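If you want the building blocks of each chain, they are given just below.
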Amino acid sequence: MPPARRSRTASPSSASGQTDLPALHLTRFLPYRLSVLANTVSHTLAKLYEKRFGITIPEWRIIAVLGGGETMSAGEIAQRTAMDKVQVSRAISRMLDSALILRESGDTDRRKALLTLTPKALAIYAEIVPMALTYEEEVTDALSIDERAQLDTLLSKLQARADQLAARPAPAGAQAEPAGE
């Protein structure tokens, strides 16, 4: 698919002699397409577990991250899932109220609370994982085995590049990123 910025369009004030602005075609703009795909996949998968287990997408992501037996802080979960810290904090509060996670003080840093799944959450994890893997298989059935491997490679390259770009300092005069973006 061609890049999202191909043609130029007149700006609202082009009659006054200002330069034309490039056109942005969202249906070809990679960040938009990835976001729409990720949301479609997440919300479709959520239909499989939300009513049955009473958990939200952020709660499932936390269960998925901790489901391998790991213990993490809220900050580590936010980093691993790329969720906003406020969203993670709210999900953790609901999960504590629902007895899905345990919070313990860290051995070396008492201020750093470590989170683990309860047996109740592990049972949910054990039921959702097969459904999630089946759904993943159904989505990727549109691709050949070679295309799946290529997609994996391309996604890894794009993630590595996005991580590099995210780590660079903001240009002087750039506005702060809006909350929740």
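Notes on the structure follow. These figures come from a predicted structure and were not determined experimentally.

Examining the packing of aromatic side chains
Stage number 1. Enumeration over the complete set of coordinates arrives at two aromatic pairs.
Stage number 2. Judged by centre distance (5.8 Å) and plane angle (40°), the rings of Tyr49 and Trp60 are tilted. On the criterion of sequence distance, the pair formed by Tyr49 in helix 1 (residues 30–53) and Trp60 in helix 2 (residues 57–66) is long-range, its members being 11 residues apart.
Stage number 3. Looking at Tyr49, the relative accessible area reads 2%, which means it is buried.
Stage number 4. Judged by relative accessible area, which is 9%, Trp60 ranks as buried.
Stage number 5. Three or more aromatic residues joined by ring pairs make a cluster, and in this case those are Tyr49, Trp60 and Tyr125.

Some words on the environment of His43
Stage number 1. Tracing the backbone through its elements, the reader meets His43 in helix 1.
Stage number 2. Classification of His43 by relative accessible area gives partly exposed; the value is 45%.
Stage number 3. Along the backbone, His43 and Thr56 are 13 residues apart, and their C-alpha atoms lie at a distance of 9.9 Å.

Details of helix 3 (residues 74–81)
Stage number 1. Within the span of helix 3, buried status applies to Ile77, Ala78 and Thr81. One side of helix 3 carries all its buried residues, which in axial view fall inside an arc of 100°.
Stage number 2. Looking at the buried side of helix 3, the elements it contacts are helix 2, helix 4 (85–97) and strand 4 (113–117).
Stage number 3. Two residues or fewer after helix 3 comes Ala82, characterised by a positive phi angle close to 60°.

Reading guide: rules and limits
Residues numbered from 1 in each chain as written. Predicted model: local features only at pLDDT ≥ 70, side-chain atom pairs only at ≥ 80, totals over all residues. Heavy atoms only, no water. Phe/Tyr/Trp six-rings, centres within 6.5 Å; stacked < 30°, edge-to-face > 60°. Helix = DSSP H or I, 4+ residues; strand = E, 2+ residues; numbered from the N terminus. Buried < 20%, exposed > 50% of the residue type's maximum accessible area, 1.4 Å probe, protein only. Arc of directions from axis to C-beta. Contact = heavy atoms within 4.5 Å.

Scope: geometric values only; no functional claims are made or implied.
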